[in-house]
Amino acid sequence: MTIKKFMFVNRKAPYGTIYALESLEVVLIAAAFEQDVSLAFMDDGVYQLKKGHATKAIEMKGFEKTYGALEDYDVTKLYVDQESLAARGLTADDLCVPVEVMSRSALGKLIEDQDVVLSF
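Residues numbered from 1 in each chain as written. Predicted model: local features only at pLDDT ≥ 70, side-chain atom pairs only at ≥ 80, totals over all residues. Heavy atoms only, no water.

Under the criterion given, the structure shown has 6 salt bridges. Between Asp-113 and Lys-5 there is a salt bridge, with its nearest N and O atoms 2.8 Å apart. Taken together, the residues span a long stretch of sequence, with Asp-113 in the loop between α4 (104–112) and β5 (116–119) and Lys-5 in strand β1 (residues 5–10) at a distance of 108 residues. What makes Lys-5 partly exposed here is its relative accessible area of 24%. Linking Asp-43 and Arg-11 is a salt bridge whose minimum nitrogen-to-oxygen distance equals 2.7 Å. Residue Asp-43 is located in the loop between β2 (36–41) and α2 (64–69), and its partner Arg-11 is located in the loop between β1 and α1 (19–32); the two are separated by 32 residues in the primary sequence. Judged by its relative accessible area of 35%, Arg-11 is partly exposed. Put simply, Arg-11, Asp-43, Asp-81 and Arg-104 are held in one network by salt bridges that share partners. (Salt bridge = Lys/Arg side-chain N within 4 Å of Asp/Glu carboxyl O. Helix = DSSP H or I, 4+ residues; strand = E, 2+ residues; numbered from the N terminus. Buried < 20%, exposed > 50% of the residue type's maximum accessible area, 1.4 Å probe, protein only.)

Here it is, written out as C-alpha cells:
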C-alpha cells in the first residue's frame, strides 16, 4: 500500500457549519487507512482547538474531546498558525491538545510538501 501525506487545513469556527466536524471524520478515515495525516488550523479554525467549548446554548454536542483521541489513531501532527492565534488573543496554552505553533510562511511550506491537501 502506498502511503500518502494528507494535510487537512481547518479554517472555520467549530460550530455554525459542518466543516469542523466533517474534517474530523475524514481525518479519522484517512488515519484508519494508515495514511500520513496532519492537521493545520488557521483563521477561525484555531477556535476548534480552544479549551472549554460551551455548546449547551446552541443545543449541539461538543466535539472538543475528539481532538484528544486523535493520538489513538496515530494522528499527532497538529499545526497552528501563529498569526491566527495572536489575532484572536489566544496562545498554545489555550488549546485542548498539544500543537506545533508555526509562522504562516513556515506552515505554507509544510502544506506545499503534502501529497494531498483538503481545506475545510
